[in-house]
Amino acid sequence: MIELLRARLSAGSRADGRRLALAVEGGGSRGAYSSGMIAGLDDLGLTGCFDAVYGASAGALAGAWLLGGQAQTGTFGWSDPSIMRRVTNPWRLRRVVDTEHLVQTVYEAVPMNFAAILANPTTFHPLATDAATGEAVDLHPFLTDQKSLQLALRASTGLPVLSGRPVTLAGRQWIDAGLAEAIPFRTAIADGATDVLVLRTRPAGWASSPPSRVESAVVSRYLRQVAPGAITPWLSRHTRQLDDDADLSTHPSILQIRPSDNAPEVPRLTRDTLLLRRAVRFGREAALSALG
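Since the model is a prediction, treat every value here as computed from it, not as a measurement.

Focus on the environment of Ile83
Then comes step 1: You can see Ile83 is positioned in helix H4 (residues 81-87).
Then comes step 2: The exposure class assigned to Ile83 is buried, which follows from its relative accessible area of 19%.
Then comes step 3: Sequence separation between Ile83 and Val106 is 23 residues, and the spatial gap between their C-alpha atoms is 7.8 Å.
Then comes step 4: The residues contacting Ile83, other than those within four sequence positions of it, are Gly77, Leu102 and Val106.

Dropping the structure here:
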């Protein structure tokens, strides 16, 4: 992987017969790690070396900033209290995590370079979970303009219960990618990727666990009403993530970058900007250490 990146960087070309994908894991506020890793790739001048970028949930947001040529800008929101407190509010009855405000308001105010993302020769592949079937779906075919791109970002990050109702795009309804494919490397390989660089938001040694009885009851009830196809992938998510870890650690054409063992633990819904700023820094350092 490192040799391939160096060769592409040196040649300034991707015409080598390989298809190199970047796959970015989700994880709510843990996306601060992947955001920092994206910034690290930008520090090294590697952003143009990828043929495609795949993102799940918060990983889709990080990938969008990279493809818009704004990898550094994408890190700023994690340390902005006004943004984090408005987007994540555990005392709000509806939309505890308001990704609609994030994508439709904050990203337009910054602004995110939506036109550059759509025009980038490196293709963008945000994933989401089909509410009817529970399958992980690549939303790339539906990206035609800024509106559809914003809807795709909201669909990929639409946490069940916490972010309101599913997002409608292309006549179908979608919820968070993490239910079906939290680490979007399988879709990348199915699309023909020969090599995949995977940005993780969990350190090595982390093991997934099943949801609690209360969490299972609440989320399952919600999904039965608005996204019945997603119940099965939700309940089996922890098993699938264990399988992902096993396959990622042995696949000969995949390199993972993960937060270091001494990186701070970042709760999925934290809005502690001091903690998130540290996570961004640790993510950047992890990318520089792995590839620099």
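A closer look at the nonpolar core
Then comes step 1: Membership of the largest hydrophobic core comes to 51 residues, with the highest contact counts inside it found for Leu22, Leu41, Tyr107, Phe124, Leu153 and Leu199.
Then comes step 2: With seven residues, helix H3 (residues 58-67) is the largest single contributor of residues to this core.
Then comes step 3: In contact with Leu153, not counting residues within four places along its chain, are Ala60, Leu61, Ala64, Val103, Met112 and Phe124.
Then comes step 4: The next biggest cluster of nonpolar side chains, apart from the first, holds 16 residues, and it includes Ala21, Tyr54, Ala56 and Phe185.

Observations regarding the packing of helix H5 (residues 99-109) against helix H7 (residues 146-156)
Then comes step 1: H7 packs onto H5 with a crossing angle of 140° between their chain directions and a minimal axis gap of 9 Å. As the angle between them shows, H5 and H7 are arranged oblique. Here H5 and H7 pass one another in a crossing that is right-handed. Across from Thr99, Glu100, Val103, Gln104 and Glu108 in H5, the residues of H7 making contact are Gln146, Gln150, Leu153 and Arg154.
Then comes step 2: Split into classes, the residues belonging to the contact of H5 with H7 amount to two nonpolar, four polar and three charged.

Description of the pattern of salt bridges
Then comes step 1: Counted by the stated rule, this structure contains 16 salt bridges.
Then comes step 2: Linking Arg200 and Glu25 is a salt bridge whose minimum nitrogen-to-oxygen distance equals 2.8 Å. Taken together, the residues span a long stretch of sequence, with Arg200 in the loop between strand S7 (195-199) and helix H10 (213-226) and Glu25 in the loop between strand S1 (20-24) and helix H2 (31-43) at a distance of 175 residues. As far as burial versus exposure is concerned, Arg200 and Glu25 are alike and both buried.
Then comes step 3: Of the charged contacts in the structure, one is a salt bridge between Arg95 and Asp98, with a shortest N-O distance of 3.8 Å.
Then comes step 4: Sharing partners across several salt bridges, the network here consists of Arg86, Arg95, Asp98, Glu100 and Arg154.

What about the pairing of strand S6 (residues 172-175)?
Then comes step 1: Across two bridges, strand S3 (residues 123-130) lies against S6 in antiparallel orientation. Each residue of the ladder has a partner; that of Thr129, found in S6, is Ile175.
Then comes step 2: Here strand S5 (residues 167-169) runs beside S6; their pairing, made up of three bridges, is antiparallel. In the strand pairing of S6, Leu169 is matched with Arg172.
Then comes step 3: Between the antiparallel neighbours S5 and S6 lie two residues, among them Ala170 with a positive phi of about 55°.

Quick word on the packing of H2 against H3
Then comes step 1: Closest axis-to-axis distance for the H2/H3 pair is 9 Å, and the angle between their directions is 25°. Taken together, the axis directions place H2 and H3 in an arrangement best described as roughly parallel. Handedness of the crossing formed by H2 with H3: right-handed. Where H2 abuts H3, its residues Gly31, Ser34, Ser35, Ile38 and Leu41 lie against Ala58, Ala62 and Leu66.
Then comes step 2: Residue composition of the contact of H2 with H3, by class: five nonpolar, three polar and no charged.

Thoughts on the packing of aromatic side chains
Then comes step 1: This model, assessed by the stated rule, comprises two aromatic pairs.
Then comes step 2: Each ring, one from Trp65 and one from Tyr107, has its centre 5.0 Å from the other, and the planes form 75°; the classification is edge-to-face. Taken as a pair, Trp65 in helix H3 and Tyr107 in helix H5 lie far apart in primary sequence, 42 residues in all. Of the two residues, Trp65 and Tyr107, neither departs from the other in class, the shared state being buried.
Then comes step 3: With 6.0 Å between their ring centres and 45° between their planes, Phe142 and Trp174 make a pair best called tilted. Remark: Trp174 occurs in strand S6 and Phe142 occurs in the loop between strand S4 (136-138) and H7; sequence separation between them is 32 residues.
Then comes step 4: Using a relative accessible area of 0% as the deciding quantity, one classes Trp174 as buried.

Quick notes on H10
Then comes step 1: The terminal C-alpha atoms of H10, which comprises 14 residues, lie 20 Å apart, in line with the 20 Å expected from a rise of 1.5 Å per residue.
Then comes step 2: For H10, the set of buried residues is Ser216, Val219, Ser220, Tyr222, Leu223 and Val226. Buried positions in H10, seen along its axis, are confined to an arc of 165° and lie on one side of it. Relative to its buried face, H10 has exposed residues pointing more than 90 degrees away, namely Arg213, Val214, Arg221, Arg224 and Gln225.
Then comes step 3: For H10, the secondary structure elements touched by its buried residues are S6, helix H8 (178-181) and helix H11 (231-235).

About the cut-offs
Residues numbered from 1 in each chain as written. Predicted model: local features only at pLDDT ≥ 70, side-chain atom pairs only at ≥ 80, totals over all residues. Heavy atoms only, no water. Helix = DSSP H or I, 4+ residues; strand = E, 2+ residues; numbered from the N terminus. Buried < 20%, exposed > 50% of the residue type's maximum accessible area, 1.4 Å probe, protein only. Contact = heavy atoms within 4.5 Å. Core = buried A, V, L, I, M, F, W, Y, C linked by side-chain atoms within 4.5 Å. Axes fitted to C-alpha atoms, helices over the stretch in contact; angles between N-to-C directions. Parallel < 35°, antiparallel > 145°, perpendicular 65-115°, else oblique. Left-handed = near helix turned anticlockwise from the far one by under 90°. Nonpolar A, V, L, I, M, F, W, Y, C, P; charged D, E, K, R; others polar. Salt bridge = Lys/Arg side-chain N within 4 Å of Asp/Glu carboxyl O. Pairing = 2+ DSSP bridges. Phe/Tyr/Trp six-rings, centres within 6.5 Å; stacked < 30°, edge-to-face > 60°. Expected span 1.5 Å × (residues − 1). Arc of directions from axis to C-beta.

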